Amino acid sequence: MMENKPFCISKWAVLHAWTKVRDNQGAAGVDGVSIEAFEKKLQNNLYRIWNRMSSGTYFPPAVRKVMIPKDDGRERPLGIPTVGDRVAQMVVKWYLEPKVEPLFHPDSFGYRPGKSAHNAIGRCRERCWRYDWVVDLDIRGFFNNIDHPLMMHAVRKHTDCPWMLLYIERWLKAPAELDSGELEARSKGTPQGGVISPLLANIFLHHVFDEWISREYPDCPFERYADDVVIHCRTYEQQQVRAAVEQRLRQCKLEAHPDKTRIVYCRDSNRRQDHQHIQFDFLGYTFRPRQAKGRKGTFTSFLPAISTKARKAIVAEVRGWHIHQWSQMELIDFSRMFNAKIRGWVNYYGRYYPSALQRTFQRFNRRLVRWAQRKYKRFQTCPRRAAQWLNRVAQTSPMLFAHWQIGIVP
């Protein structure tokens, strides 16, 4: 017998949403229920979510507010929904994403199926060769400052489904719970950490930025990954687009960061003007003039490589492993513990200009040398011999560490 519900939501969609949430893992929300604990009572939990969503009585619990350190020493808030709420958000995403995805701009790369940060970086690299100038756009506190009425106006352009609109509005207004247990009301913004937030951000910026700049400045292509934006200009005069974008953001109740938004000149062997800024960061890479090799020898090209911020973050994390103090360990133990992480760094930051990783991972090699000195008496007073021994190990067993496989050996 069919259950009469005001909203027609498939039970299969709820089950599918759960499998996605389970695969993504993630921390518990304000209720303290982990993925594992949720799964122990899976049938009851999923039925409760379906029943409440189908009847219109689903109200999202508060998100757990966690402060994450930023590169500049400040912190940014991360909102962690409960596991059950992540399932509910995934249901809406599953229904809504196919409606909006075909409409999104091809130069929007963030959180989209079949697109990646590497795609955005590669497209940006190619355009920096063809366009002399870049507007490096930073939207101040984007996720925290999205205007709720404007957000709902943008969503309504893509769906008139009552239950999707109802729950999206409730998620936007859901409070955040602090460590003290106090609830913090939210009148704007969408929490980073929510399943639905990246899709809502793309919908919002599709209308606020992508469509607008494509219409008003069709000769200025861009790459956008969520709220990270690079705009390309052929001439210095075209950088007037910066003022126009800033005005557009103000109209939509957002703000370009006055200190981080800048005009950059893509200097290389053929472009030798003087300018205050000749580099910018995008998705963990720094674009700047670098030496390159061609058929006629070396020349200067405008290229991406791992950024200083990313390099310092990796070095700090490696330092925190305290490898040199673990003399009871073997190299294979370190490989099991850390190689997956190292492989992730190498795969991401080694895609473009991989030689820039040399300095970063030689720090790791030096820590292995110090470990070898403490572990083996014959190396205690001779770091050179320890390094030579490690070099031989790297040559015979390069699979132990991902950076050894690309030739960064002791």
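For the structure, check the block above.
Everything quoted here is computed from the prediction, not taken from an experiment.

(A) Representation of the pairing of strand β6 (residues 222-225) within the structure. Burial along β6 is two-sided: Phe222 and Arg224 facing one way and Glu223 and Tyr225 facing the other are all buried. Looking at chain direction, β6 and strand β7 (residues 228-233) are connected through 4 bridges and run antiparallel. If you follow Tyr225 over to β7, its bridge partner there is Asp228. The antiparallel hairpin formed by β6 and β7 contains 2 residues in its connecting segment, where Ala226 sits at a positive phi of about 55°.

(B) Main features of the nonpolar core. One finds Met53, Trp163 and Ile231 to be the most contacted residues of the largest nonpolar core, which totals 68 residues. A total of 10 residues in this core trace back to one element, the largest contributor, which is helix α9 (residues 197-216). Filtering out sequence-adjacent residues up to four positions away, Met53 remains in contact with Phe7, Ile9, Tyr58, Ala88, Val91, Val92, Trp163 and Tyr167. Listed in part, the 53 residues of the second largest apolar core include Phe109, Cys124, Ile306 and Phe338.

(C) Local environment of a positive patch on the surface. A contiguous patch of positive charge, built from Lys312, Arg319, Arg359, Arg363 and Arg366, is present on the exposed surface. Sorting the residues of the positive patch by element identifies α11 (308-321) and α13 (358-375) as the ones contributing at least two each. A per-element tally of the positive patch places α13 first, with 3 residues. With respect to the helices, strands and loops of the structure, Arg363 is situated in helix α13.

(D) Spatial organisation of the pattern of salt bridges. Under the defined criterion, the tally for this structure stands at 18 salt bridges. Across the pair Lys65 and Glu184 runs a salt bridge, and its minimum N-O distance is 2.8 Å. With Lys65 in strand β1 (residues 63-69) and Glu184 in strand β5 (residues 183-184), this residue pair connects regions lying 119 residues apart in the sequence. Among the residues examined, Lys65 registers a relative accessible area of 21% and is labelled partly exposed. For Glu184, a relative accessible area of 32% translates into the label partly exposed. One salt bridge connects Glu317 with Lys341, and the closest N-O pair in it is separated by 3.6 Å. Here Glu317 is found in helix α11, whereas its partner Lys341 is found in helix α12 (residues 331-349), with 24 residues between them in sequence. Since its relative accessible area comes to 39%, Lys341 is described here as partly exposed.

(E) Empty space enclosed by the protein, seen in detail. A complete count under the given rule lists 1 cavity of 30 Å³ or more for this structure. Empty space within the largest cavity amounts to approximately 60 Å³. Forming the walls of the largest cavity are Val63, Asp85, Gln89, Trp171, Leu172, Ala174, Arg186, Thr190, Pro191, Gly194, Ile196 and Ser197. Of all the elements in the fold, those that place two or more residues in the lining of the largest cavity are α4 (83-100) and α8 (162-173).

Reading the values: the criteria
Residues numbered from 1 in each chain as written. Predicted model: local features only at pLDDT ≥ 70, side-chain atom pairs only at ≥ 80, totals over all residues. Heavy atoms only, no water. Buried < 20%, exposed > 50% of the residue type's maximum accessible area, 1.4 Å probe, protein only. Helix = DSSP H or I, 4+ residues; strand = E, 2+ residues; numbered from the N terminus. Pairing = 2+ DSSP bridges. Core = buried A, V, L, I, M, F, W, Y, C linked by side-chain atoms within 4.5 Å. Contact = heavy atoms within 4.5 Å. Patch = residues over 30% accessible without salt bridge, like charges linked within 9 Å, V, L, I, M, F, W, Y side chains within 5 Å. Areas by Shrake-Rupley, 256 points an atom, 1.4 Å probe, with all protein chains shown as cover. Salt bridge = Lys/Arg side-chain N within 4 Å of Asp/Glu carboxyl O. Lys, Arg positive; Asp, Glu negative; His and termini not counted. Charge placed at Lys NZ, Arg CZ, Asp CG, Glu CD. 1 Å grid on protein atoms, 1.4 Å probe; cavity = no way out; pocket = protein on both sides within 12 Å on 5 of 7 lines; lining within 4 Å. Points joined across faces, edges and corners; volume = space filled by probe spheres on them.

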